[in-house]
Amino acid sequence: MEKIKLEIVGLSYSQTQSGAYALVLGEAGGKRRLPIIIGGFEAQAIAIELEKMTPSRPLTHDLFKSFCQRFDVGVEEVIIYNLVEGIFYAKVVCKGDGKSAEIDARTSDAIALAVRFGCPIYTYEFILASAGLVFDEENSSSDDDHDEAEEEVDLGELSHPADFTKMSVNDLEKSLLESLEDEDYERASRIRDELNNRKKN
């Protein structure tokens, strides 16, 4: 399968899960976004490296990098290779002593390593097709349209995942568009999951 390169677009605090964050990956040269919910520690590890901050003591991912460098092992790429029931699966492709190896990892840990080693992040089309969200700035609604959408759908009630099951497909799709316009990828990912669940049934 052909790999699709991803770039880190943003990292935002989750509005619905305490201590969780939404890591947003974007298709390189494309308009699709892949939101992934990660824990606070992993979010901190990614943010620290992106902001080029130096913690007083090495974090776990910094330790891993130092260990690899000490024994001449490099990380060549990270691949998000599967998606099962809303859980993303990733692997870290390493090379050392002339040999290459793939190591299974949580997606958040794999990306924390990718930013430290400066290696590319990839995924496959079937993952972007099923979990990706299309963000098109040219088709963003005007402020009037935005206000009208808020009147039709009470987005304040969407703070709990269970509320999604009470909404019609039409309302979910409208809310998804509004979430993308607001760049609220964490909420958009939950709406996407509800829409995908209904397609299966």
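Predicted, not measured: the structure shown is a model, and the values here were computed from it. (Residues numbered from 1 in each chain as written. Predicted model: local features only at pLDDT ≥ 70, side-chain atom pairs only at ≥ 80, totals over all residues. Heavy atoms only, no water.)

How should I be thinking about the overall build of the protein chain in this particular structure?
A tally of regular secondary structure across the protein chain gives seven helices and eight strands. When each of the 201 residues of the protein chain is scored for burial, the buried share is 43%. In the protein chain, the proportion of contacts linking residues at least 24 apart, taken out of those at least 6 apart, comes to 54%. Approximately 11400 Å² of the protein chain is accessible, and the part contributed by carbon and sulfur atoms is 48%. (Helix = DSSP H or I, 4+ residues; strand = E, 2+ residues; numbered from the N terminus. Buried < 20%, exposed > 50% of the residue type's maximum accessible area, 1.4 Å probe, protein only. Contact = heavy atoms within 4.5 Å. Areas by Shrake-Rupley, 256 points an atom, 1.4 Å probe, with all protein chains shown as cover.)

Help me understand the pairing of strand E3 (residues 32–39), please; the structure alone is not making it clear to me.
If a strand is regular, its side chains alternate between the two faces of the sheet. Counting buried positions along E3 yields six of eight residues, so the element is predominantly enclosed. As judged from the seven bridges shared by strand E2 (residues 20–27) and E3, these two strands associate in the antiparallel manner. Within E3, the position partnered with Val-24 by the bridge is Pro-35. Connecting E2 to the next strand, E3, in antiparallel fashion are four residues, including Gly-29 with a positive phi near 75 degrees. Alignment of E3 against strand E8 (residues 133–134), held across two bridges, turns out to be antiparallel. The partner of Arg-33 across the bridge, within E8, is Leu-133. (Pairing = 2+ DSSP bridges.)

Please explain the sheet that holds E8 as it appears in this structure.
Hydrogen bonds between backbone atoms are what pair the strands of a sheet, whose relative direction is either parallel or antiparallel. Spatially, the eight strands line up as an open sheet ordered E6-E5-E4-E7-E1-E2-E3-E8, and their pairing is mixed. Looking at strand neighbours, the two that pair on one side only are strand E6 (99–106) and E8, the edges of this open sheet. Note: strand E5 (residues 87–96) against E6, eight bridges, orientation antiparallel. Its bridge partner lying in E6, Val-93 is registered against Glu-102. Each of E2, E3 and E8 touches helix H7 (residues 185–200); the most contacted strand, E3, lies at about 100 degrees to it. (Axes fitted to C-alpha atoms, helices over the stretch in contact; angles between N-to-C directions.)

How do you make sense of the layout of surface pockets when you look at a structure like this?
Once rolled over the atoms, a probe with the size of a water molecule shows which space is left empty. Estimated volume of the largest pocket: approximately 590 Å³. Lining the largest pocket we find 23 residues, and of these Leu-83, Glu-85, Gly-86, Ile-87 and Asp-193 sit closest to its centre. Per-class residue counts for the lining of the largest pocket are nine nonpolar, eight polar and six charged. Of the pockets and cavities examined, the second largest pocket occupies roughly 310 Å³. Lining the second largest pocket are 17 residues, and of these Leu-176, Arg-192, Leu-195, Asn-196 and Lys-199 lie nearest its centre. Here the lining of the second largest pocket is built from residues that sort into nine nonpolar, three polar and five charged. (1 Å grid on protein atoms, 1.4 Å probe; cavity = no way out; pocket = protein on both sides within 12 Å on 5 of 7 lines; lining within 4 Å. Points joined across faces, edges and corners; volume = space filled by probe spheres on them. Nonpolar A, V, L, I, M, F, W, Y, C, P; charged D, E, K, R; others polar.)

Mind showing me how you'd approach the confidence of the model for the protein chain here?
Low-pLDDT portions of the prediction should not be read for the details of their coordinates. A residue-level look at the protein chain finds 82% of positions with pLDDT of 70 or above and a mean pLDDT of 81. The least confident element of the protein chain is helix H5 (residues 143–152), whose mean pLDDT is 38; the most confident is strand E7 (residues 121–124), at 98. Within the model, pLDDT remains below 50 along residues 139–162, and this stretch shows 25 contacts once partners closer than five positions in the same chain are excluded. (pLDDT = per-residue confidence, 0-100.)

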